[in-house]
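# Structural description and commentary
Listed below are the residues making up each chain.
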Amino acid sequence: MTIVTRFAFSALICCFQGAVSAPNMVLGIPRPMNVQARTFERAVHLAPPGTHDSRYAYVPFDVPQHTARISISYKYERDNGANTIDIGLFDTRSTGSDSDPRGFRGWSGGRRSEFFVSREEATPGYLPGELPAGTWRIILGLYRVAPTGVDVSLKIGIDTEENRSSSPTRVPPKTKMSSARGTPGSVAESGLRQASFPQKVTGHGLRWWLGDLHMHTVHSDGDWTIPGLISSARNNGLDFIFITDHNTASHHTEIDQFRAVSKQPLVLRGEEITTYGGHTNAWGLPSATWIDFRVHPGDIAGMSKIAAQAHRSGALISINHPFASCGGCAWSYDAAARGFDAIEVWNGAWDQTDEQALTMWDKILQSGRHITAIASSDSHRPANPIGQPTTHVAAVELSQRALLDAIRQGRVYLTSEAARPVVSFEAEATTSKSRSRWAVGDEIRLKAPDTIHLFITTEATPPDARISLISNGQVIRNFSPKTDGQQVIEIKCRHDAYFRLEVRDGTKVMLALTNPIYVKIRKHR
Ligand SMILES: [Zn+2]
Ligand SMILES: [Zn+2]
């Protein structure tokens, strides 16, 4: 709170208000004839925030009764990239504190220089609905600020319907917070695409579903429309996609409309909670549930609260691209990894930052914790195709609940493309009676040190591909894929261990990666 107050005083806010003539067309939407338009300007000077200062500033403005539309534009000197100021909007329910999530009406980050909200519609990223009279707040996000500070000028347009009776056409948007209960969708398996490779997991009653867990649309900084993503998912052979726009829930309504008429592919709601100290995906949010992103870089307790909020709403949460080189994209909440279900070790085309993420994940495994490795395209536009890479999830059915359960359990492997390579990695233990076959995500419980057999099948690998079997931080076997049939490796397990596979091409670029099969040996007293 004190940080916010200090910051508010550091901002110099000037106001020019009066009879500024407004054009009859704002942001391309014609204005009805009975509407009165008023525009005023604000100027804000933002100093660079100190290490512990809030990274957000709030610019309050008054909204009168009978407001039908609020339009906002802003500009500032970018100074060759030294300044980048994000923007969003809160309504009268907000108190202008970073810790108050009420009244959220949208966020466009640095993507848009103008936006509007009205009762019936809004710029993507923003939530339409009733426009209550009172103090609203523009939120400015201090992504980058030059040492000398930055002057931001804002133009606020208010349209009022003076003769309007009190008959709102839409209730205020209720963005739900963490108390919301999950309402997972369920989709019948009928009419699904027939994959050309083994779909079943031996002895488990599961089959593999192909998906992409991370992508963006015009609701944040992507060029994709939601129909465009859906048709691309179909063309690329994906069974499910999670749409994870940055810091908003405005894409949920459109997803709900699609799900009401079509069940294939399964389109699921997510949010990339985008802080200035790292990004995290929440998958499987109930409709209209928004998770607040205003956590200070390095604030491990704040990030843990985000993970808890996601879990309370029935969603899973993952660490995204922990070593990405863009400003603020790398993970600064290391110890908070305990509350997370997954880690994105593969983001888009394989590169050195993915190698670093892979090392981070393997160290977590070595510490004895189970966390699921996932891959995603993080696609923003068609030039960066969805499904490259693909996450394969072994679940009983194509439903949100089944997919989330399987991801949490680690029943997941990753490939560079949807169709290839194909990997099967299973195990048998001589003495364990509880199951005859084990698959990725399983824990084999042995009563005593024992021999296990690992069964590896790969298809559609290039001639120079090599497979590494990794256990407890070490490569214990390195071999070429067998082109005809299964490879079997015998291992004597004397202590707790995990076993996972990597398939790389001749230049060491990753082609496929499995989650582990775990072995736990009962301790005798
Ligand atoms: Zn990100
Ligand atoms: Zn992203």
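Residues numbered from 1 in each chain as written. Chains lettered and ligands numbered in written order. Predicted model: local features only at pLDDT ≥ 70, side-chain atom pairs only at ≥ 80, totals over all residues. Heavy atoms only, no water.

A count of helical and extended segments in the protein chain gives 6 helices and 31 strands. Within the protein chain, the proportion of its 525 residues that are buried is 56%. Pairs at least 24 apart in sequence give 73% of the contacts found in the protein chain among residues at least 6 apart. Accessible surface for the protein chain amounts to roughly 21900 Å². Of this, 52% is attributable to carbon and sulfur atoms. (Helix = DSSP H or I, 4+ residues; strand = E, 2+ residues; numbered from the N terminus. Buried < 20%, exposed > 50% of the residue type's maximum accessible area, 1.4 Å probe, protein only. Contact = heavy atoms within 4.5 Å. Areas by Shrake-Rupley, 256 points an atom, 1.4 Å probe, with all protein chains shown as cover.)

Further remarks concern the packing of aromatic side chains. Enumeration according to the criterion identifies 16 aromatic pairs in this entry. What links up through ring pairs into an aromatic cluster is the set Tyr-56, Phe-90, Phe-104, Trp-107, Tyr-143, Tyr-276, Trp-290 and Phe-293. Over the ring of Phe-116 we find Arg-69; its NZ or CZ atom is 4.1 Å from the centre of that ring. (Phe/Tyr/Trp six-rings, centres within 6.5 Å; stacked < 30°, edge-to-face > 60°. Lys NZ or Arg CZ within 6 Å of the ring centre and 35° of its normal.)

When the pLDDT values of the protein chain are averaged, the result is 88; 85% of them are 70 or greater. Contacts of residues 1-28 to residues separated by more than four positions or lying in other chains number 55 contacts, the stretch itself having pLDDT below 50. Segment residues 178-198: pLDDT under 50, and 43 contacts once partners within four positions in sequence are set aside and those in other chains are kept. (pLDDT = per-residue confidence, 0-100.)

Looking at the zinc ion (ligand 2), the protein donor atoms are His-214 (NE2), His-216 (NE2), Glu-272 (OE) and Asp-378 (OD), and they sit 2.0 to 2.2 Å from it. Here the zinc ion (ligand 2) binds 4 donor atoms, and the angle range of 80 to 169 degrees at the metal identifies the geometry as irregular. Read N to C, the donor residues that coordinate the zinc ion (ligand 2) are spaced as H-x1-H-x55-E-x105-D. The distance between the zinc ion (ligand 2) and the zinc ion (ligand 1) is 3.5 Å, with Glu-272 acting as a donor to both metals. On the basis of relative accessible area, His-214 is assigned to the buried category, the value being 0%. (Donors = N, O, S within 2.8 Å, 3.2 Å for Na, K, Ca; no water. Tetrahedral: all angles 85-135°; square planar, octahedral: opposite > 155°, others 65-115°.)

Bringing helix H3 (residues 252-261) into the picture now. Within the span of H3, buried status applies to His-252, Ile-255, Phe-258 and Arg-259. Burial along H3 is one-sided: seen end-on, the buried residues are contained in an arc of 125 degrees. Residues Gln-257, Ala-260 and Val-261 are exposed on H3 and point more than 90 degrees away from its buried face. Where the residues of H3 are buried, they touch helix H2 (226-235), strand S14 (240-246), strand S15 (266-275) and helix H6 (400-409). (Arc of directions from axis to C-beta.)

Here the focus is H2. If you check which residues of H2 are buried, you get Ile-226, Leu-229, Ile-230, Ser-232 and Ala-233. The arc enclosing the buried residues of H2, seen along the axis, measures out at 165 degrees, which places them on a common side. With respect to the buried face of H2, the exposed residues turned more than 90 degrees away are Pro-227 and Asn-235. Each element contacted by the buried residues of H2 is listed here: S14, H3 and S15. A distance of 3.0 Å separates the backbone nitrogen of Gly-228 from a side-chain oxygen at the start of H2, and that oxygen is part of Thr-225. Immediately downstream of H2, the backbone of Gly-237 shows phi near 75 degrees, a positive value. (Polar contact = N/O pair within 3.5 Å; in protein donor to acceptor, adjacent residues only side chain to side chain.)

A word on unusual backbone geometry. For the bond from Gln-264 to Pro-265, the omega torsion is -5 degrees, close enough to zero to count as cis. Cis geometry marks the peptide bond from Arg-420 to Pro-421; its omega dihedral reads -15 degrees. Along the chain, the position of Pro-421 falls in the loop between strand S21 (412-415) and strand S22 (422-429). Look at Asp-79: it is not a glycine, yet its phi comes out positive at around 55 degrees. Looking at where Asp-79 falls in the secondary structure, it is placed in the loop between strand S6 (67-76) and strand S7 (84-90). The class for Asp-79 is partly exposed, based on a relative accessible area of 36%. A positive phi angle, near 70 degrees, is found at Ala-288, a position not held by glycine.

What follows is about the pairing of S14. Of all 7 residues in S14, 7 are buried, a share of seventy percent or more. Alternating residues of S14 divide into Phe-240, Phe-242, Thr-244 and His-246 and Ile-241, Ile-243 and Asp-245, and every residue in both groups is buried. Sheet topology places strand S13 (residues 206-212) next to S14; 2 bridges connect them, and they run parallel. Within S14, the residue paired with Gly-211 across the bridge is Phe-240. (Pairing = 2+ DSSP bridges.)

Our next topic: the nonpolar core. Ranked by size, the top nonpolar core spans 64 residues in total, and within it Phe-240, Trp-283, Val-345, Trp-361 and Leu-403 carry the most contacts. Broken down by element, this core gets its largest block of residues, 6 residues, from helix H5 (residues 352-366). Every residue in contact with Trp-361, bar those within four places of it in the chain, is listed here: Ile-343, Val-345, Ile-371, Thr-372, Ala-373, Arg-500, Leu-513, Thr-514, Asn-515 and Pro-516. Within the second largest apolar cluster, 34 residues are counted, among which are Tyr-413, Ile-452, Ile-456 and Val-519. (Core = buried A, V, L, I, M, F, W, Y, C linked by side-chain atoms within 4.5 Å.)

Topologically, His-216 is positioned in the loop between S13 and H2. The exposure class assigned to His-216 is buried, which follows from its relative accessible area of 0%. As for His-216 and Asp-245, which are separated by 29 residues in sequence, their C-alpha atoms are 4.9 Å apart. When near neighbours in sequence (up to four residues on either side) are disregarded, His-216 contacts Asp-221, Gly-222, Trp-224, Thr-244, Asp-245, His-246, Glu-272, Asp-378, Ser-379 and His-380.

For the coordinates displayed, the defined rule picks out 1 disulfide. Each sulfur in the disulfide pair Cys-326 and Cys-329 lies 1.9 Å from the other. One disulfide, between Cys-326 and Cys-329, carries an S-S torsion of -115 degrees and so falls in the left-handed class. Taking relative accessible area as the criterion, Cys-329 reaches 6% and is therefore assigned buried. (Disulfide = S-S within 2.5 Å.)

Sheets are built from strands paired through backbone hydrogen bonds, the pairs being either parallel or antiparallel. Pairing within the open sheet is antiparallel, and its 4 strands lie in the order S23-S22-S25-S28. A single partner strand is all that each edge strand has here, and the edge strands are strand S23 (438-439) and strand S28 (487-493). The sheet contact formed by strand S25 (residues 450-459) and S28 spans 7 bridges and is antiparallel. Counterpart to Ile-452 in the pairing with S28 is Ile-491.

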